[in-house]
Amino acid sequence: MGALSLKNLTIHYGRQPVVADFDLDIRDGEMVSLLGPSGAGKTTILKVVAGLLAPTRGAILIDGQAVTDLPPEKRDAVMIFQKPLLFPFMNVQQNIAFGLKMRGDSGDRRARAVAHILALTRLDGLGRRKVHELSGGQQQRVALARALVLEPAILLMDEPLSNLDANLRQEMRELILGIQSELGITTLFVTHDQAEALMMSQRVALLLEGRLRQVGSPRELYHRPADPDVARFFGGDNFIQGRMRDGVFETDFGPFPVEAVSGNGHRRTATIRPEDIQLVTDTGDQPDHLPGTVKRTRFEGMATRAWVSCPSGELVVLTPRSGLSAGQAVQLRLPPEKIRIFPD
Amino acid sequence: MADPDAGRDARTRRAAGRGSLAVMLLPALMAVVGLFGGGLFLGILQGLGHLPGAGLSRLSATHFSRVWSDPDFLTSFGLTLYIAAVSTLVAAVISVVAALALSRLVNRYRAVHFVFQVPLTVPHLVIAVAVLFMISPAGLLARVAAAAGLIQAPADFPLLVNDRWSIGIILTYVWKEIPFITLMLLAVLQNAGRELLDVGRTLKADAWQRFRHIVLPTIFPALGAASLIVFAYTFGAFEVPYLLGRTYPMTLPVWAYKHYSDIDLLARPEGIATGILIAGMVAAAVVTAQALTRAARKKGIVL
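Basis of the calculations
- All residue numbers refer to position in the chain's written sequence, counted from 1.
- Chains and ligands are labelled by the order in which they are written, letters from A for the one and numbers from 1 for the other.
- The predicted nature of this model means local features are confined to residues of pLDDT at least 70 and side-chain atom pairs, given and counted, to a pLDDT of 80 or more, with totals for whole chains, interfaces and linings taken over all residues.
- For the side-chain quantities, the full set of heavy atoms in the structure was used; hydrogens and water were omitted.
- Each helix is a run of H or I in the DSSP string that is no shorter than four residues. Each strand is a run of E no shorter than two, and both are numbered from the N terminus.
- Exposure is judged per residue with a 1.4 Å probe applied to protein chains only, and the accessible area is read against the type maximum: over 50% gives exposed, under 20% gives buried, and values in between give partly exposed.
- For this analysis, residues touch if any pair of their heavy atoms sits within 4.5 Å.
- For a compact globule the rule gives 2.2 Å times the number of residues to the power 0.38, and the radius of gyration it is set against comes from C-alpha atoms.
- Note that accessible areas follow from Shrake-Rupley with a 1.4 Å probe, and for residues the cover is restricted to the protein chains shown.
- Neither His nor the chain ends is counted toward charge; the positive residues are Lys and Arg and the negative residues Asp and Glu.
- By convention, the point assigned to a charge is CZ for Arg, NZ for Lys, CD for Glu and CG for Asp.
- In this analysis, strands are considered paired if DSSP registers two or more bridges between them.
- Values of pLDDT, the confidence the predictor places in each residue, fall between 0 and 100.
- Accessible area, probed at 1.4 Å, shrinks when two parts are joined; the buried area is that loss added up over both.
- What counts as a salt bridge is simple: a side-chain nitrogen of Lys or Arg found within 4 Å of a carboxyl oxygen of Asp or Glu.
- Here a polar contact is taken to be a pair of N or O atoms separated by no more than 3.5 Å, where protein atoms must pair a possible hydrogen donor with a possible acceptor and residues adjacent in sequence count only if both atoms sit in side chains.

The next point concerns the overall build of chain A. A tally of regular secondary structure across chain A gives eight helices and 20 strands. Seen through its C-alpha atoms, chain A measures out along the principal axes to roughly 80 × 45 × 35 Å. Counting only residues that meet the buried cut, chain A has 52% of its 344 residues in that class. Across chain A, the fraction of contacts at a sequence separation of at least 24, relative to all contacts at a separation of at least 6, is 65%.

Here the focus is the overall build of chain B. When its secondary structure is counted, chain B shows 11 helices and zero strands. Since a compact globule built from 303 residues should have a radius of gyration of about 19 Å, the 25 Å found for chain B marks it as more spread out than a globular shape. Principal-axis analysis of the C-alpha atoms gives chain B an extent of 85 × 60 × 30 Å. The buried share of chain B, reckoned over its 303 residues, is 40%. Roughly 16500 Å² of accessible area belongs to chain B as shown, and the carbon and sulfur atoms make up 70% of that amount. On chain B, the mean spot of the 25 positive side-chain charges and the mean spot of the 15 negative ones are 9 Å from each other.

Before going further, it helps to examine the sheet that holds strand S11 (residues 238–245) of chain A. All names here are of chain A. The five strands are arranged S13-S12-S11-S14-S20 in an open sheet whose pairing can be described as antiparallel. Where the open sheet ends on each side, the last strands, each with one partner, are strand S13 (254–257) and strand S20 (340–341). Looking at chain direction, strand S12 (residues 248–251) and S13 are connected through four bridges and run antiparallel. Across the sheet, residue Glu-250 finds its bridge partner in S13, namely Pro-255.

This part covers the pairing of S11 of chain A. Residue and element names in this part refer to chain A. A one-sided burial pattern is seen for S11, the buried positions being Asn-238, Ile-240, Gly-242 and Met-244 and the unburied ones Phe-239, Gln-241, Arg-243 and Arg-245. Note that S11 and strand S14 (residues 267–272) share six bridges and pair antiparallel. Bridging from a neighbouring strand, Phe-239 pairs with Thr-271 of S14. Relative to S12, S11 runs antiparallel, the two being bridged by four bridges.

The next thing to look at is the confidence of the model for chain B. For chain B, mean pLDDT is 86; residues scoring 70 or higher make up 94% of the total. Predicted as a complex, the structure gets a pTM of 0.78 and an ipTM equal to 0.85.

What follows deals with the interface of chain B and chain A. For an interface, size is often stated in terms of accessible area lost upon the parts coming together. Contacts between the two partners involve 21 residues from chain B and, on the opposite side, 24 residues from chain A. Summing both partners gives a buried area of about 2100 Å² for chain B against chain A, and 68% of it is carried by carbon and sulfur. Its largest share of buried area at the contact with chain A, chain B owes to Thr-202, Leu-203 and Lys-204 of chain B, together 32% of the area lost on that side. Joining chain B to chain A, the criterion identifies three salt bridges. One salt bridge connects Glu-195 of chain B with Lys-83 of chain A, and the closest N-O pair in it is separated by 3.3 Å. The tally of links from chain B across to chain A stands at six residue pairs in polar contact (both at pLDDT 80 or more). Residue contributions to the side of chain B that touches chain A peak at seven residues, all from helix H7 (residues 167–202) of chain B.

Residue and element names in this part refer to chain A. The buried fraction of strand S7 (residues 154–158) is high, at five of five residues. Residues Ile-154, Leu-156 and Asp-158 of S7 are buried on one face, and the alternating residues Leu-155 and Met-157, pointing to the opposite face, are buried as well. Two elements, S7 and strand S8 (residues 186–191), share five bridges in a ladder whose sense is parallel. The residue bridging Met-157 from the neighbouring strand is Phe-189, located in S8.

This is the structure in C-alpha cells:
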C-alpha cells in the first residue's frame, strides 16, 4: 500500500496549459475522487501519475519516494481506463495474468492469484472465455481484476463506469467499494459525475479548468462549497448578493442573522441549496417567509423542482411536495443556518 | 404475442433490399464476370488443350501434368517462390519497424501519412526503371562509387540487376510494398494499438515485452493479410522480373508469357496452364488473407 503526493503539478499540451499548480495528498488506503467536467484535466493528471505523460513541472511521490522520472512500468501504480481495453487475442485469465507474467511470477503463482481475483471480482467460471464473449460490465470487471491482481500501491481509475448502463454502474460501484475497503488500496478515482464522486470516496478533489478548487469530504463540498463555482458544480442554483453588517447578512430577500463572518460592511455572495428552502402553500402572513409565485415545475421522482419568482428575484426550490403548478402563490422560508456566505 | 405479419413484413423488406442491391451491383458484376470470368473460362479451356487453331480439340489435363513434370517449370517455380517470399519477408520486417516508429508521429504530422501514400500510386514498372537507373553497372550508384574512389570503374560495381539472386527485383518489390504494409499496420496501431500499449506499460511490461506480447499479436492479422496480398502480387507479377530478371531461370509469369507467345502454337496450352496455376496460388493467398482479416475482426481487432 502507499501514500500518493502530487506536488505543484503543471501540465502543458504543446504551449497550452492544461493543469496548473495542482497539489493533492492521498493517505495510505484512502479513496479520493478527482471530480470535474469534461476537459478539466482529470485524465491528464491520472496519466501523469501513471507515467504515461510527463508533467511540465512538479513532482509525484509514492510513499515519499519521487517517481516523477520513472517510466510507468517502474511505478507501483496501475491504471484502469474508461474503456476496458482488454487484449482481444487473450482469454479472460490470460488478460488478468498479463501483469504477473510481465513481472516474472511463476505459472503456479499466477494461477493462484488469478483464481483468487476471479472470485473477488465475481468472475468465477469465466476464466477461459474470450473477451468478445463478455458483456460490457464483465469486461470492465476483468479490467479491474487485471489491475488488482498486481496488488499495486496506487490504483488509478479513469471513469471506469461511464460506459455502463445505470444498473450495471450501481453494481460496479458496490463491487469497487467492497474490494477497495477489503484490500485497502490507495485509489484515485476520476469521474465527472458528482453523485458518483460523493458516494464513492472518502474525499473529493474538484478540478475546474485545470485548477484544484476544493478538496474535502463529500459533505464538505456539498454543504460548504469554497466558492460559487464549486457550489454551481454541485447543483447550486441560488446565489444571493448582500452586505455584512453587525452579524447580519443584509440582502434583497431580507436580513439573515449569521455566525461571525469577517468583513463587516463588505459585499458578499451567498448560496442556499434548493432542497434547503422550505416551501409552503399556505399564504398566511408569516414574518420570515417570502411570498412568491411558481413559474414552472419539473418532476424529478423523489422531489419536484420549482422555479419561484419572488419580488427580489427568482429562487429554485426542491420540494417533496407534489401538486405544484405554474402561477400558484407560495411562501418560501430560507433558514439562516442553511445559507452559505462565501468569503472574499 | 409476436405479430406474425410484422415478421413477414420485415422478411419482405429484407428480401426487397437484397433484390435492389443485386440490381445495383448487376452492371459491375456483369463486367467482372464477363471479362474476368470469361477470360478464366477460356484460359482453363485452352489449358485443357482446346485450341482448334493448332489442331487441338480433345480436353485433357496433359498440359497441366506436363508443366508440373517439366524441370524448367520447377526451377521457375522455386525462383518465383524465393523472390515472392524474400520480398514479402523483407518488406514486412521493415514495415513493422516503420509502423512502430511512425505510429507516434502520425497524429502530430499528417504529412507522414501522405508521404507514405505517394509510392502507392507509382506503377511497379516506373520503380523498376528507377531501380535500373540507380543500381545497374551503368547506374547512378556505380558512377558515384567510382567518382568517390570506392571502385575503379562503374563496371566494377556489383551486379544487382539481371543477377543470380534477383536483388534488383526484390529491391523494387520491397520499395513498392513497404508503404502498403506500413499503412495497413499504422491503421491498426492508431485504432487500438496505442491504447493497448498504454495498458501494457501500466501493467509493468517493458519495451520488448510490449512488442512481443501486445504489438505482434495486435498487428499479426493485418500483417498476415497484407503480407499475403504482397506475396500473391509478387508471385504473379510479370513486368518487374521481365525487366530486371535473368533470361534463365525465369519467374513463372515470364515463363508463362514465353510459352504463350511462342511461335509454336502447341506450347500455348502449357503457358496457359502455368497462368492458371499462378492464378490458383494467388486466389488461395487472397482467400487466406480474407479469412485472417475476418478472424481478427471477430476477435475485436480493428482492421
